[in-house]
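Geometric and topological summary
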Amino acid sequence: MGELGWQTQKRIHELRAWAGSKVLERYGVYEASQFLRHKDVRTTQKYYLRYIQMKGLKVEMPG
């Protein structure tokens, strides 16, 4: 992955975050949370929205 230009040290975790953000973008935060195997959807919201936010997309947050 470093050869592809990824600069972060934790490249596998970054890839996981990117994949989770793609699920979030298409199916929503609950599905992304399940995909990432988080016990609490707030973990997904707190740590995995950066790619969505970078794109300027709005994500509906649960109440």
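Everything discussed here concerns the structure shown above.
Residues numbered from 1 in each chain as written. Predicted model: local features only at pLDDT ≥ 70, side-chain atom pairs only at ≥ 80, totals over all residues. Heavy atoms only, no water.

**A closer look at the nonpolar core**
Core analysis: the biggest nonpolar cluster contains 7 residues, these being Val23, Leu24, Val29, Ala32, Val41, Leu49 and Ile52. Of all elements in the fold, only helix H1 (11-27) and helix H2 (29-35) reach the threshold of two or more residues within this core. Excluding residues within four positions of it along the chain, Val23 makes contact with Gly28, Glu31, Ala32 and Phe35. (Core = buried A, V, L, I, M, F, W, Y, C linked by side-chain atoms within 4.5 Å. Buried < 20%, exposed > 50% of the residue type's maximum accessible area, 1.4 Å probe, protein only. Helix = DSSP H or I, 4+ residues; strand = E, 2+ residues; numbered from the N terminus. Contact = heavy atoms within 4.5 Å.)

**Some thoughts on the pattern of salt bridges**
Using the criterion set out here, one finds 2 salt bridges in the structure. Of the charged contacts, one joins Glu25 and Lys22 as a salt bridge, the two residues approaching to 3.8 Å between their closest N and O atoms. Of this pair, Glu25 and Lys22 both sit in helix H1, separated by 3 residues, roughly a single helical turn. Taking the relative accessible area as the measure of exposure, Lys22 reaches 32% and is therefore partly exposed. (Salt bridge = Lys/Arg side-chain N within 4 Å of Asp/Glu carboxyl O.)

**Looking at the environment of Thr44**
Considering the arrangement of structural elements, one finds Thr44 in helix H3 (residues 41-47). Taking relative accessible area as the criterion, Thr44 reaches 0% and is therefore assigned buried. For the pair Thr44 and Ala17, spaced 27 residues apart in sequence, the C-alpha separation works out to 9.3 Å.

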